[in-house]
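Structure at a glance
So the chains spell out like this:
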Amino acid sequence: MIPELGHFALLAALAVALIQVIVPVVGVLRARPRWMEVAVSGAQAQLLLIVAAYLCLTWSFVTRDWSVAYVAANSHSQLPLMYRISAVWGAHEGSMLLWVLMLAGWGGAVSVFSRRLPRDVLALTLSVLGAISVGFLLFILLTSNPFDRNFPVPTDGRDLNPLLQDPGLVIHPPLLYMGYVGFSVAFAFALAALISGRMDAAWTRWTRPWTTTAWLFLTMGITLGSWWAYNELGWGGWWFWDPVENASFMPWLVGTALIHSLAVTEKRGVLKSWTLLLAILAFSLSLLGTFLVRSGVLVSVHAFATDPARGVFILGFLCAVLGVAFLLYAWRAPSLVNDAEISLMSREGLLLLNNVFLVVAAAAVLIGTLYPLVVDAFKLGKISVGPPYFNAVFLPLAAPLGVIVGLASVIGWKRGQRGELVRRLRWPLLVAVLTSLALPWILHRQTQVAAIGGSLLAVWVMVATLEGIWHRLRNRDNRWRGLLQIPRGVWGMSLAHFALGVWILGVTFVSLYSIERDVRLGPGDSVELSGYTYSLIDVQGYAGPNYDADRARVEVSHDGKVVAELSPEKRRYRAQGSVMTEAAVDHTPFRDLYVALAESLEGGDWALRIYYKPMMRLVWLGGVLMALGGILAVSDRRYRLERAAQRSAVHAAEAVA
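Every residue gets a number counted from 1 within its own chain, in the order that chain's sequence is written. With pLDDT at 70 or above as the cut-off, local features in this predicted model cover only qualifying residues; side-chain atom pairs require 80 or more to be listed or tallied, and sums for whole chains, interfaces and linings still use all residues. Side-chain measures here rest on the full set of heavy atoms in the structure, leaving out hydrogens and waters.

**Focus: the overall build of the protein chain**
To keep things clear, this is the line we draw: Helix numbers and strand numbers start at the N terminus; a helix is a DSSP run of H or I with at least 4 residues, a strand a run of E with at least 2. As defined in this context, the radius of gyration uses C-alpha atoms, and a globule is described by 2.2 Å times the residue total to the power 0.38. When a residue's accessible area, from a 1.4 Å probe over protein chains only, is under 20% of the maximum for its type it is buried; when over 50% it is exposed; and in between it is partly exposed. By the convention used here, residues are in contact when the closest approach between their heavy atoms is within 4.5 Å. Computed with the Shrake-Rupley method and a 1.4 Å probe, the accessible areas treat only the protein chains shown as cover for residues. All tallies of charge rest on Lys and Arg as positive and Asp and Glu as negative; His and the ends of each chain are not included. To locate a charge, take atom NZ for lysine, CZ for arginine, CG for aspartate or CD for glutamate.
The helix and strand tally for the protein chain stands at 19 helices and 10 strands. Over its C-alpha trace the protein chain gives a radius of gyration of 27 Å, about what one expects of a compact globule, namely 26 Å for 657 residues. Based on the C-alpha atoms only, the size of the protein chain along its principal axes is roughly 90 × 75 × 55 Å. Counting across all 657 residues of the protein chain, residues that qualify as buried make up 55%. Contacts in the protein chain between residues far apart in sequence, at least 24 positions, make up 73% of those at least 6 positions apart. In the form shown here, the protein chain has an accessible surface area of approximately 27,900 Å², with 64% of it arising from carbon and sulfur atoms. Of the side-chain charges in the protein chain, 53 are positive and 42 negative, and the distance between the mean point of each set is 14 Å.

**A closer look at the environment of Ser 114**
With respect to the element layout, Ser 114 can be found in the loop between α5 (92-113) and α6 (119-143). Measuring from C-alpha to C-alpha, the distance between Ser 114 and Leu 315 comes to 31 Å, with 201 residues separating the pair along the chain. Beyond its immediate sequence surroundings of up to four residues, Ser 114 is in contact with Ala 109, Leu 122, Phe 189 and Trp 210.

**Concerning the side chain of Ser 535**
Residue position: Ser 535 is located in strand β3 (residues 532-543). A residue is classified by how much of its surface remains accessible, and Ser 535, at 19% relative accessible area, is buried. The residues contacting Ser 535, other than those within four sequence positions of it, are Asp 525, Ser 526, Arg 553, Val 554 and Glu 555.

**Looking at the packing of aromatic side chains**
Selection criterion: In this analysis, rings of Phe, Tyr and Trp, with Trp reduced to its six-membered ring, are considered paired at centre separations within 6.5 Å, and the interplanar angle assigns stacked below 30 degrees, edge-to-face beyond 60, and tilted for intermediate values. For a Lys NZ or an Arg CZ to count as sitting over a ring, it must be within 6 Å of the ring centre and within 35 degrees of the ring normal.
A complete count under the given rule lists 24 aromatic pairs for this structure. Both rings, one in Tyr 177 and one in Tyr 180, keep their centres 6.5 Å apart while their planes meet at 55 degrees; by these two values the pair is tilted. Of the two residues, Tyr 177 and Tyr 180 both sit in helix α7 (residues 167-196), three residues apart, roughly one turn of that helix. Overall, Tyr 177 belongs to the buried group, its relative accessible area being 5%. Under the relative-accessibility criterion, Tyr 180 is labelled buried at 5%. An aromatic cluster is built from Trp 215, Trp 239, Trp 241, Phe 249, Trp 252, Tyr 389, Phe 390 and Phe 394, whose rings are joined through pairwise contacts. Over the face of the ring belonging to Trp 331 we find Arg 332, whose NZ or CZ atom lies 4.2 Å from the ring centre.

**So, the environment of Ser 77**
Counted only if it meets this: What qualifies as a polar contact is a pair of N or O atoms within 3.5 Å, subject to a donor-acceptor requirement within protein and to the restriction that residues adjacent in sequence count only when both atoms come from side chains.
In this structure, Ser 77 sits in the loop between α3 (69-74) and α4 (81-86). In this structure Ser 77 comes out as partly exposed when scored by relative accessible area, which is 34%. Between the C-alpha atoms of Ser 77 and Ala 450, which are 373 residues apart in sequence, the distance is 52 Å. Those residues in contact with Ser 77 that sit more than four places away from it in its chain are Arg 64, Trp 66 and Asp 156. Here the side chain of Ser 77 touches Asp 156 through a polar contact of 2.7 Å, side chain to side chain.

**Topic: the sheet that holds strand β9 (residues 591-600)**
How we decide: Paired strands, in this sense, are two strands between which DSSP finds at least two bridges. Every axis corresponds to a line fitted to the C-alpha atoms, with the helix fit spanning only the stretch in contact, and the corresponding angles, defined between N-to-C directions, vary from 0 to 180 degrees.
Spatially, β1-β10-β9-β8 is the arrangement adopted by the four strands of the open sheet, whose pairing is antiparallel. On the outer flanks of this sheet lie β1 (515-521) and β8 (584-587), each paired with one strand and no other. Geometrically, the sheet is characterised by an average inter-axis angle of 15 degrees between neighbouring strands, direction not taken into account. Summarising the sheet, β9 and strand β10 (residues 606-614) pair through eight bridges and their orientation is antiparallel. Paired with Val 595 across the bridge in β10 is Ile 610.

**Notes on a nonpolar patch on the surface**
This is how it is decided: Here a patch means residues that are over 30% exposed by relative accessible area and free of salt bridges, tied together within 9 Å if like-charged and within 5 Å if nonpolar (Val, Leu, Ile, Met, Phe, Trp, Tyr). The working definition used for a salt bridge is a side-chain nitrogen of Lys or Arg within 4 Å of a carboxyl oxygen of Asp or Glu.
A grouping of Met 1, Ile 2, Leu 5 and Trp 59 is seen on the molecular surface, where their side chains present a nonpolar patch of about 440 Å² in accessible area. Looking at the secondary structure, you find Met 1 in the segment before α1 (2-30).

**Details of α5**
Keep this limit in mind: Multiplying one less than the number of residues by 1.5 Å gives the expected span of a helix.
Here α5 spans 31 Å end to end across 22 residues, near enough to the 32 Å set by a 1.5 Å rise per residue. For α5, a buried count of 18 out of 22 residues is recorded, marking the element as mostly surrounded by other parts of the structure.

**Quick word on unusual backbone geometry**
For the peptide bond that leads from Phe 151 to Pro 152, omega is 0 degrees, which places it in the cis range. In this fold, Pro 152 is placed in the loop between α6 and α7. Phi is positive for Trp 241, which is not a glycine, with a value near 55 degrees. Tracing the chain through its elements places Trp 241 in the loop between α8 (201-232) and α9 (243-268). In the Ramachandran plot, Ser 530 falls in the positive-phi region, its phi being about 55 degrees despite a non-glycine side chain. According to the relative accessible area criterion, Ser 530 is partly exposed, its value standing at 32%.

**Things to note about the pattern of salt bridges**
Applying the stated criterion across every chain, the model contains 20 salt bridges. Linked through salt bridges whose partners overlap, the residues forming this network are Arg 551, Glu 569, Arg 571 and Glu 582.

**A word on the pairing of strand β5 (residues 561-566)**
Sheet analysis places strand β4 (residues 547-558) next to β5, joined by five bridges and oriented antiparallel. Considered in β5, the bridge of Glu 555 is made with Glu 565. From the end of β4 to the start of β5, which pair antiparallel, there are two residues, and Asp 559 there has a positive phi angle of about 55 degrees.

**Looking at the domain arrangement of the protein chain**
Basically, it comes down to this: Each domain's limits were defined by an automated method or a database of domain assignments. Once two parts are joined, some of their accessible surface, as seen by a 1.4 Å probe, is lost; buried area is that loss totalled over both. In this classification, the charged set is Asp, Glu, Lys and Arg, the nonpolar set is Ala, Val, Leu, Ile, Met, Phe, Trp, Tyr, Cys and Pro, and all remaining amino acids, among them Gly, are polar.
In terms of domains, the protein chain is made up of domain 1 (1-165), domain 2 (168-307 + 330-409) and domain 3 (515-617). At the junction of the two partners, domain 1 supplies 11 residues and domain 3 supplies eight residues. Across the interface of domain 1 and domain 3, roughly 800 Å² is buried in total on both sides, 53% from carbon and sulfur atoms. Remark: the boundary between domain 1 and domain 3 carries zero salt bridges. At the junction of domain 1 with domain 3, the criterion picks out four residue pairs in polar contact (both at pLDDT 80 or more). In the side of domain 1 that touches domain 3, the residues fall into five nonpolar, four polar and two charged.

In structure tokens form, the structure reads like this:
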């Protein structure tokens, strides 16, 4: 009964979404405010129905309803409750339901928090979101229904993919999907602007908080996914340029460009058509990522689907959405006129240059991701594009971004004064140069040109960002009070830029100074790596809730003193017979000690992989600080004041009408 209710809720949501698309658009065309209001009630009703469907599927997992094919394929009687709940999005059908749930959530949020908008703009925005929902609900109902029944009913399930039985994977997909799907709001606002012809500073104020919110969720999702891969896969890496990783990274790059472009458009009234294009591209890349993961064209630890029919449906939907968006853009963009000139020696000029590098970097990642697929599709052979290509192409594009971030932090809007710029930059540049020369030697007693260059870029970004804050306080009598008066948006921007410097520093040192060794150890044996002695104490077996495991005890000492005891594991999951590695990591701000247990060897010995990874924590810290910067920016009091003022203006206009 519960699965049938879930299926009915999806059908009802599809009907409501169709009404949400058609009726408000007719209301806009015929200037009928009551018809426009249908968009708000439709978005909220659709959200309630999809939540109901999602809860029905969750209940089927919790109660181990093996008559539901999706539950039987992705759960097991011994699976812990936490993973039974997260198994709802553990495979293709459920993850698409989560996708639609997030989309409905964003639409519901817009209907509640954007009531201040002009009725026609709100109606068009929600209609666009409704149209996207129609496409994905059809996709679920026609090709990926999670409520399909099993017959005969099996006595037990096949278990959840062991890779997904990790606490990080309980949180990672919802965060990532919130970011992916969140760019649909910016896309919907862009199409509403193109249809209505209303593209001004008010439009950017409506769009900017939603875009920043989507960006911060995607930032958290990517960071958590990288952390999960580092800890779970046992390879000791944190980014592999996997095609599915790239599928989330590309919209993040374009979304970052969009956030900066919105700031320029709001402040100076320029880059209007460019901002609209970025809003379309950000969501387009999110849809492309969905196609890559769901179509079966990729082989990846992150990919879900292997059914080409599903890929054809998503590809067709992708083409339809982008076709409409780019036709509207081609129609309206030529009429959008900048309100001012742009000088390269200004903040808006540098932000435009920043955008160019971000978009070109995204294009480079896109080419490297799709090229092997195109070659395979045309039967030209099979090739693999891996880290050598991405590092060689992406890094030269990324390095100038750090330089531009530092410059943009200290230069003013409109036209900067060269003498003032030189005066403000001399101390940040001097500190960056001296620190970059000293830091590699202090930490590792050796220097490399790449280490100096990476340190220079990282410290430059951090110090230039701090100088921007100091510049705001220089003429204040009470600087502590001045700190409190700086808007949260400025703090958020500064924290995100500082986080970029932290991240660059971590990436530089972990990439250049990491050491790894594959060793063979028996109980009582030890090996030395980078000044640390790793001693295998013993290996004991134990039984987990749905797996059996071997757990090693590895004692790590430095200068004769024990600094860590690590317990890496090798797990064998009973239902599927899969073998998984659970790495063990001891971390400080300056280094990670990483051990992965490999295979059992003759004579009671074991193969282990050990790593020394300097400053690995800075990589995660950089991602966390970026997300915190986004949270500060979204919570800026200026947005709340603008919302109140706009709400009053809309109510006044309606009263006069």
